[in-house]
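# Coordinate inspection notes
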2 protein chains.
Amino acid sequence: MIFRGRFEYTIDPKGRVNIPAPFRERLLESGQDSFFLTNFSDCLYGFAADDWAGIEERLSRVPSTDRKKNAFVRFFLGGAVEAVPDKQGRILVPPSLRSYAGLEKEVVILGMPNRFEIWSLDRWQQEIGRFEKEVLEDRELVREISDLGI
Amino acid sequence: MIFRGRFEYTIDPKGRVNIPAPFRERLLESGQDSFFLTNFSDCLYGFAADDWAGIEERLSRVPSTDRKKNAFVRFFLGGAVEAVPDKQGRILVPPSLRSYAGLEKEVVILGMPNRFEIWSLDRWQQEIGRFEKEVLEDRELVREISDLGI
DNA sequence: CCACCTTTCCCCACAATTACCCACTTGCAG
DNA sequence: CTGCAAGTGGGTAATTGTGGGGAAAGGTGG
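First things first, this report covers the structure right here in the doc. (Residues numbered from 1 in each chain as written. Chains lettered and ligands numbered in written order. Predicted model: local features only at pLDDT ≥ 70, side-chain atom pairs only at ≥ 80, totals over all residues. Heavy atoms only, no water.)

### Side note on the packing of helix 3 (residues 67-78) of chain A against helix 5 (residues 121-135) of chain B
In contact at an axis separation of 10 Å, helix 3 of chain A and helix 5 of chain B are set at 120 degrees when each is read in the N-to-C sense. Taken together, the axis directions place helix 3 of chain A and helix 5 of chain B in an arrangement best described as oblique. In the packing of helix 3 of chain A onto helix 5 of chain B, the handedness of the crossing is left-handed. Contact with helix 3 of chain A, carried on its side by Arg67(A), Lys68(A), Ala71(A), Phe72(A), Arg74(A) and Phe75(A), involves Trp124(B), Glu127(B), Ile128(B), Arg130(B), Phe131(B), Glu134(B) and Val135(B) of helix 5 of chain B and no other residues of that element. Per-class residue counts for the contact of helix 3 of chain A with helix 5 of chain B are seven nonpolar, no polar and six charged. (Axes fitted to C-alpha atoms, helices over the stretch in contact; angles between N-to-C directions. Helix = DSSP H or I, 4+ residues; strand = E, 2+ residues; numbered from the N terminus. Parallel < 35°, antiparallel > 145°, perpendicular 65-115°, else oblique. Left-handed = near helix turned anticlockwise from the far one by under 90°. Contact = heavy atoms within 4.5 Å. Nonpolar A, V, L, I, M, F, W, Y, C, P; charged D, E, K, R; others polar.)

This is the structure we're talking about:
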């Protein structure tokens, strides 16, 4: 499931954040009723339940003898929680995820292919800054991007 | 049975640790009433009773002529205990396992495919550190991870 | 075989967190 | 102006996590 758009919300003292109405709507349309959240790359990743099921399936195939990949599974799966929107469309972000992503007040939710991302506004702005410096000045990368047909 | 999520608890002077409510719930739903704990890779592994039965079955096939595998079986099986949650949802961790995993006060429980892991908070944080250094900086590995559809 | 000490089991009680409501505000559409 | 949907805030009841007391069980030394 692909998500689109950028949304700004506030996370309240109880740790609740609103999920963009269009995201919730698409979830319900496809007969699902929950998201899965986990921690990755300084923000939180959110997946539709069906997409998450596929991920878990692949994670469970990682051989437990592969030390490095197991470290990844530990981190990624260890961070995961099911999140069911309440009647107002919010989900509860548990303390461990809140602190990982540095979510305190202002929060940005970004649509991505197969997932959405929850960022603290601060970090998101820094990320944008890095993007403009590192990515746009990297001619090689810019060319690859234009190959995407953009 | 797959477990997910990261939970922080304190182990009390009697050696009791809480088991995350969702883990207990899933166990009961599948008609089981106990876990099995054993020592491995600096932490404790916890299995649902049914999954543990499968493991024991496979361990019992290890030929007694294979010296190295037998050493493993001795260690793995020798550390194993059945653990039944009390009315408050805690299990008692015997002293031998407590000292193996260095469990003293703060404890982290991680969900994994087919098992969960009990870490001392200290060791877990070191593990995270290694993960960020070794795994995320390994471009090859990061590519393999993204092949998991993440 | 008994007395003693330690460990484990089974309660109860309290604190913290979460789930489930309902209410208010704002912006947009009819 | 009215009605609806979206986003925010808060109250209360239920669940979850923590600590401790005392009885039962198990192990050890005399």
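### Examining a negative patch on the surface
Taken together, the side chains of Glu8(A), Glu104(A), Glu106(A) and Asp122(A) define an acidic patch exposed on the protein surface. Mapped onto the secondary structure, Glu8(A) falls in strand 1 (residues 6-10). (Patch = residues over 30% accessible without salt bridge, like charges linked within 9 Å, V, L, I, M, F, W, Y side chains within 5 Å. Areas by Shrake-Rupley, 256 points an atom, 1.4 Å probe, with all protein chains shown as cover. Salt bridge = Lys/Arg side-chain N within 4 Å of Asp/Glu carboxyl O. Lys, Arg positive; Asp, Glu negative; His and termini not counted. Charge placed at Lys NZ, Arg CZ, Asp CG, Glu CD.)

### As for the relation of the copies chain A and chain B
Laying chain A over chain B is done by rotating through 22 degrees and shifting 16 Å along the axis; what remains is an RMSD of 0.4 Å. When you check the interface residues of chain A against chain B, a mere 7% turn up at the interface there too, and the two sides of the contact use different surfaces. (Least-squares fit on C-alpha atoms with pLDDT ≥ 70 in both.)

### Remarks on the protein's contact with DNA strand C
Taken together, Lys14(A), Arg16(A), Lys87(A), Gln88(A), Leu92(A), Pro95(A), Lys14(B), Arg16(B), Lys87(B), Gln88(B), Arg90(B) and Leu92(B) make up the full set of residues adjacent to DNA strand C. Taking all atoms of DNA strand C within 4 Å of the protein, the share assigned to sugar and phosphate is 42%. A distance of 3.3 Å is found between a base nitrogen of DNA strand C and a side-chain nitrogen or oxygen belonging to Lys14(B). Counted by class, the surface near DNA strand C contains three nonpolar, two polar and seven charged residues. (Near = heavy atom within 4 Å. Polar contact = N/O pair within 3.5 Å; in protein donor to acceptor, adjacent residues only side chain to side chain.)

### What about the nonpolar core?
One finds Phe72(A), Phe76(A) and Phe116(A) to be the most contacted residues of the largest nonpolar core, which totals 68 residues. Element by element, the count of residues in this core is highest for helix 3 of chain A, at six residues. The residues touching Phe72(A), leaving out its near neighbours within four places in the chain, are Phe40(A), Leu59(A), Phe131(B), Val135(B), Ile145(B), Leu148(B) and Ile150(B). Counting residues in hydrophobic clusters, the runner-up holds 21 residues, among them Phe7(B), Ile19(B), Phe23(B) and Ala101(B). (Core = buried A, V, L, I, M, F, W, Y, C linked by side-chain atoms within 4.5 Å. Buried < 20%, exposed > 50% of the residue type's maximum accessible area, 1.4 Å probe, protein only.)

### Section: the pattern of salt bridges
Evaluation of the coordinates by the stated rule reveals 20 salt bridges over all chains. The partner of Glu144(B) in a salt bridge is Lys69(A), and the shortest N-O contact between them spans 2.6 Å. Of this pair, Glu144(B) sits in helix 6 (residues 139-146) while Lys69(A) sits in helix 3, which puts the two residues in different chains. Between Arg90(B) and Asp86(B) there is a salt bridge, with its nearest N and O atoms 3.4 Å apart. Arg90(B) sits in the partly exposed class, given a relative accessible area of 21%. For Asp86(B), a relative accessible area of 30% gives the class partly exposed.

### A look at the sheet that holds strand 5 (residues 81-83) of chain B
Residues and elements named next belong to chain B. Pairing within the open sheet is antiparallel, and its six strands lie in the order 1-7-8-4-3-5. Either end of the sheet is taken by a strand with one partner, and the two such strands are strand 1 (6-10) and strand 5. When strand polarity is set aside, the average angle formed by the axes of neighbouring strands in this sheet is 30 degrees. Looking at chain direction, strand 1 and strand 7 (residues 106-112) are connected through five bridges and run antiparallel. When the bridges of strand 7 are listed, Arg6 appears paired with Leu110. Here helix 2 (residues 49-59) sits on the sheet in contact with strand 3 (35-40) and strand 4 (43-48), set at roughly 105 degrees to strand 4. Sitting on the sheet, helix 3 (residues 67-78) touches strand 3 and strand 4, and the angle it makes with strand 3 is about 130 degrees. (Pairing = 2+ DSSP bridges.)

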